[in-house]
Amino acid sequence: SAHPLPLVLCARSSLRMSPVARAVLFLASATCVAAFSAPMATRGMFGAAAPSATFTAPASLRAPRLRGPTMFETKVFTKETIQFSVAPDPTSEDILRGGRDKFELVAKAFEGIKQIGVIGWGSQAPAQAQNLADTLETIGSDIKVKIGLRESSPSWKAAKAVGFDEDKGTLGVQDDVIKESDLVMLLISDAAQANTYKTKIEPLLKKGATLGLSHGFLLGHLESVGEKFRDDINVVLIAPKGMGPSVRRLYEQGKTKNGAGINASFAVHQDATGRATEIALGWGIAIGSPFIFETTLKDEYCSDIYGERGILLGAVHGIVEVLFRRFISQGMTPEDAFLNSCESITGPITKTISKNGILPVYESLSGDDKKKFEEAYSASYTPAKDVLAEIYDEVKSGNEIRSVIMHGDRFEKFPIGKIDGTYTWSVGEKVRANRVEEKIPLNPVTAGMYVATMMAQIDVLRENGHSYTEIVNESVIEAVDSLCPYMHAKGVAFMVDNCSRTARLGSRKWAPRFDYLLEQQACYDLDKGVGVKSDLIEAFKSNPVHTAVAECCKLRPSVDISTTGESTAQDDLSFTFR
């Protein structure tokens with residue numbers, strides 16, 4: 001504020017800049033204001049704050065921000081209030097239980113909607129569009145689901161392959177579909193949303209239309225450049241806690257087993273019509289979510305982008321790499337090393353968590369194995385939390401979002417390469433080909449390192465005020481019920497290579513950080529015999545999240561996801577890898 005002229009000139013120039021350039025400029029401008037607002041004694045050369053010996057994170061990034069219960073109101077559906085944790089952190093939250101028996105209510109929730117436009121054909125769009133169309137057909141609704149694609153998109157053929165067609169009025173050019181639709185589900189890539197929303201998408205939305213998102217990334221981008229959504233539209237979110245193919249496969253399984261599906265969070269960011277909550281909940285029920293909980297767009301993108309860089313993808317990638325090398329160095333064959341690292345995680349460890357919770361992994365061990373778990377947990381928790389705290393700060397500050405957008409601008413020049421040809425994953429392919437499921441060991445060292453990282457991820461989210469439903473779904477359920485089954489069937493490398501562009505970028509960026517710190521700190525402590533840190537183990541055993549996990553296990557669908565066999569889920573390698 002002391003030197004406004006350069007900022008005003010920059011703001012005028014920014015109107016002609018790309019979204020990425022405006023994001024960088026906005027951050028620089030904010031930094032400039034902060035620097036000149038500081039007391040003169042603290043300023044360094046050119047008005048910048050003088051460097052200090054240690055960096056202290058801003059209070060908004062570091063201080064715990066625990067908040068009250070998450071409650072919502074609905075006139076169409078019947079919600080439930082569940083106690084997800086007890087003392088010392090008692091929390092009750094509202095949820096909506098889904099299932100095919102709730103499908104008839106979708107028509108009422110969608111009252112006034114004549115067309116749903118699904119924009120894009122990436123990971124989520126094929127699954128959600130098919131699920132919506134099937135549900136609306138099941139209840140005899142005349143609401144149309146129409147896919148909107150760019151005229152040059154290579155996905156026209158894929159959309160037609162599962163029944164969407166121009167002649168039926170269910171497939172069309174993106175701009176036309178946006179203009180026509182009452183609910184516009186924007187499911188294109190994050191970088192594409194950031195680059196096109198304000199100029200090519202928002203101007204086409206009808207007044208009173210509902211913009212539907214499955215990720216809060218767009219809000220993070222808009223905030224970083226000082227923009228917001230148009231005031232005369234609803235803005236809602238339904239974010240399934242799993243990749244698109246799992247959303248479709250479990251919906252298909254739900255046709256014979258009521259309640260099978262992928263949980264989803266919902267958020268209402270803007271309610272211009274007074275019906276945004278019902279529309280969001282109807283969307284969640286219609287795509288087959290068995291359990292829907294409330295969040296905000298900001299909390300969703302913070303927890304989601306953070307989570308996929310952590311235990312969902314980046315961390316598990318790093319853990320497998322470091323343990324694979326470690327076990328070989330201790331005398332195991334490469335095949336046994338992979339069996340005791342990767343196969344142990346995607347097999348018995350995560351299957352135990354899925355059905356029974358995190359603590360039962362520890363409780364299933366005894367004697368020397370329990371001590372090995374405690375030593376590995378003690379050695380791994382702090383270095384893992386170090387990386388995870390950094391990731392959260394990078395996401396919340398907007399740095400990680402800017403990184404994704406900037407990569408989008410470089411994508412044609414530097415496309416994302418595959419990792420499945422490296423030695424670790426080549427060995428894994430052989431191990432999976434000869435797998436005997438019941439002979440996969442639950443290795444206590446692997447379990448200790450994996451669980452420590454999962455708990456560190458949980459603790460960072462809780463310290464930053466996220467609800468237990470969001471924490472458990474983003475850091476536990478999505479890992480063990482959606483991603484790990486695919487990792488077990490097709491490999492960790494397959495998942496790293498075939499998730500959304502944002503997730504693939506994050507995994508490649510942060511997996512090496514987990515690998516490095518766990519090697520340099522956790523493995524060092526194990527080699528030096530530092531031993532068990534009783535305070536960490538007691539904190540693990542008494543963590544309130546275990547009650548929340550147990551409650552969520554009660555809400556778990558009665559079926560495991562099918563990762564192979566006949567399905568209209570587009571999860572084959574040739575389709576998803578681009």
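Some remarks on the overall build of the chain
Phase 1 of the analysis: Broken down by element type, the chain carries 25 helices and ten strands.
Phase 2 of the analysis: With an accessible surface of roughly 23400 Å², the chain has 54% of that area assigned to carbon and sulfur atoms.

Some words on the environment of Val235
Phase 1 of the analysis: With respect to the helices, strands and loops of the structure, Val235 is situated in strand β8 (residues 234-240).
Phase 2 of the analysis: Given a relative accessible area of 0%, Val235 falls into the buried group.
Phase 3 of the analysis: With 37 residues separating them in the primary sequence, Val235 and Ala272 have C-alpha atoms 8.4 Å apart.
Phase 4 of the analysis: In this structure, Val235 is in contact with Leu211, Leu213, Phe229, Ala267, Val268, His269, Gln270 and Leu297, ignoring residues within four places of it in sequence.

A closer look at the side chain of Lys241
Phase 1 of the analysis: By the element assignment, Lys241 lies in the loop between β8 and α10 (244-254).
Phase 2 of the analysis: Within the structure, the side chain of Lys241 is placed 3.4 Å from the backbone oxygen of Ala239, a separation counted as a polar contact.
Phase 3 of the analysis: Within polar-contact distance, the side chain of Lys241 engages the side chain of Glu474 at 2.6 Å.
Phase 4 of the analysis: Those residues within four positions of Lys241 in sequence are excluded, and the remaining contacts are Ile262, Asn263, Ala264, Ser265, Phe293, Glu300, Asn473, Glu474, Glu478 and Ser482.

Some remarks on the state of the cysteines
Phase 1 of the analysis: As enumerated under the stated definition, the model contains zero disulfides in all.
Phase 2 of the analysis: The cysteine Cys484 is free of any disulfide, with Cys342 supplying the nearest cysteine sulfur at 8.5 Å.
Phase 3 of the analysis: Of the residues examined, Cys484 reaches a relative accessible area of 3% and is grouped as buried.

A word on the pairing of strand β2 (residues 91-97)
Phase 1 of the analysis: The element β2 is largely enclosed, with a buried count of five among its seven residues.
Phase 2 of the analysis: In this structure, strand β1 (residues 80-85) lies alongside β2, joined through five bridges in antiparallel fashion. Counterpart to Gln83 in the pairing with β2 is Ser92.
Phase 3 of the analysis: Remark: five residues form the turn of the hairpin made by β1 and β2, two consecutive strands paired antiparallel.

Brief notes about helix α22 (residues 501-528)
Phase 1 of the analysis: With 28 residues, α22 should cover 40 Å at 1.5 Å per step; its first-to-last C-alpha distance of 40 Å lies within 8% of that length.
Phase 2 of the analysis: Its axis deflected by about 35° at Leu518, α22 carries its strongest bend there.
Phase 3 of the analysis: Phi for Gly529, located one or two positions after α22, is positive at around 65°.

A short note on the nonpolar core
Phase 1 of the analysis: Ranked by internal contacts, the top residues of the largest apolar core, which has 107 residues, are Ile358, Tyr377, Tyr450 and Met454.
Phase 2 of the analysis: If one sorts the elements of this core by residue count, helix α19 (residues 444-463) sits on top with twelve residues.

What about empty space enclosed by the protein?
Phase 1 of the analysis: What the rule picks out here adds up to four cavities of 30 Å³ or more.
Phase 2 of the analysis: Taken as a whole, the largest cavity spans an internal volume of roughly 90 Å³.
Phase 3 of the analysis: Contributing to the lining of the largest cavity are 13 residues, with Ser354, Ile477, Asp481, Cys552 and Cys553 lying nearest its centre.
Phase 4 of the analysis: Sorting the residues of the lining of the largest cavity by element identifies α14 (334-356), α20 (468-490) and α24 (545-554) as the ones contributing at least two each.
Phase 5 of the analysis: The biggest single contributor to the lining of the largest cavity is α20, with five residues.

Quick look at the sheet that holds strand β4 (residues 144-149)
Phase 1 of the analysis: Sheet architecture is open: ten strands sit in the order β1-β2-β10-β9-β8-β7-β6-β3-β4-β5, paired in mixed fashion. Looking at which strands have only one partner, the edges of the open sheet turn out to be β1 and β5 (171-173). Going from strand to strand, the sheet's axes swing by 30° on average, the running direction of each strand aside.
Phase 2 of the analysis: By the bridge criterion, four bridges tie strand β6 (residues 183-186) to strand β7 (residues 210-213) in an arrangement that is parallel. Within the sheet, the bridge partner assigned to Leu183 lies in β7 and is Thr210.
Phase 3 of the analysis: This element, helix α12 (residues 297-309), spans β7, β8 and β9 (264-270) of the sheet and lies at about 30° to β8.

Notes on the pairing of β7
Phase 1 of the analysis: Because side chains alternate across β7, one face comprises the buried residues Thr210 and Gly212, and the other comprises Leu211 and Leu213, equally buried.
Phase 2 of the analysis: Handedness of the β6-helix α8 (residues 190-201)-β7 crossover: right-handed.
Phase 3 of the analysis: Bridge count for β7 against β8 is four bridges, and the pairing is parallel. Of the residues in β8, the one forming a bridge with Leu213 is Leu237.
Phase 4 of the analysis: As for the winding sense of the linkage, the β-α-β connection from β7 through helix α9 (residues 217-224) to β8 is right-handed.

Things to note about the packing of helix α13 (residues 314-329) against α14
Phase 1 of the analysis: In the contact formed by α13 and α14, the axes pass within 8 Å of each other and the chain directions differ by 150°. Taken together, the axes of α13 and α14 are roughly antiparallel relative to one another. α14 is crossed by α13, and the crossing has right-handed handedness. Packed against α13, whose contacting residues are Val316, Ile319, Val320, Leu323, Phe324, Phe327 and Ile328, the element α14 presents Pro334, Ala337, Phe338, Asn340, Ser341, Cys342 and Ile345 at the interface.
Phase 2 of the analysis: In terms of residue class, the contact of α13 with α14 is built from twelve nonpolar, two polar and no charged.

Conventions adopted
- Residues numbered from 1 in each chain as written.
- Predicted model: local features only at pLDDT ≥ 70, side-chain atom pairs only at ≥ 80, totals over all residues.
- Heavy atoms only, no water.
- Helix = DSSP H or I, 4+ residues; strand = E, 2+ residues; numbered from the N terminus.
- Areas by Shrake-Rupley, 256 points an atom, 1.4 Å probe, with all protein chains shown as cover.
- Buried < 20%, exposed > 50% of the residue type's maximum accessible area, 1.4 Å probe, protein only.
- Contact = heavy atoms within 4.5 Å.
- Polar contact = N/O pair within 3.5 Å; in protein donor to acceptor, adjacent residues only side chain to side chain.
- Disulfide = S-S within 2.5 Å.
- Pairing = 2+ DSSP bridges.
- Expected span 1.5 Å × (residues − 1).
- Bend = angle between axes of the 7 residues up to and from the residue.
- Core = buried A, V, L, I, M, F, W, Y, C linked by side-chain atoms within 4.5 Å.
- 1 Å grid on protein atoms, 1.4 Å probe; cavity = no way out; pocket = protein on both sides within 12 Å on 5 of 7 lines; lining within 4 Å.
- Points joined across faces, edges and corners; volume = space filled by probe spheres on them.
- Axes fitted to C-alpha atoms, helices over the stretch in contact; angles between N-to-C directions.
- Right-handed = clockwise from strand over helix to strand, strands pointing away.
- Parallel < 35°, antiparallel > 145°, perpendicular 65-115°, else oblique.
- Left-handed = near helix turned anticlockwise from the far one by under 90°.
- Nonpolar A, V, L, I, M, F, W, Y, C, P; charged D, E, K, R; others polar.

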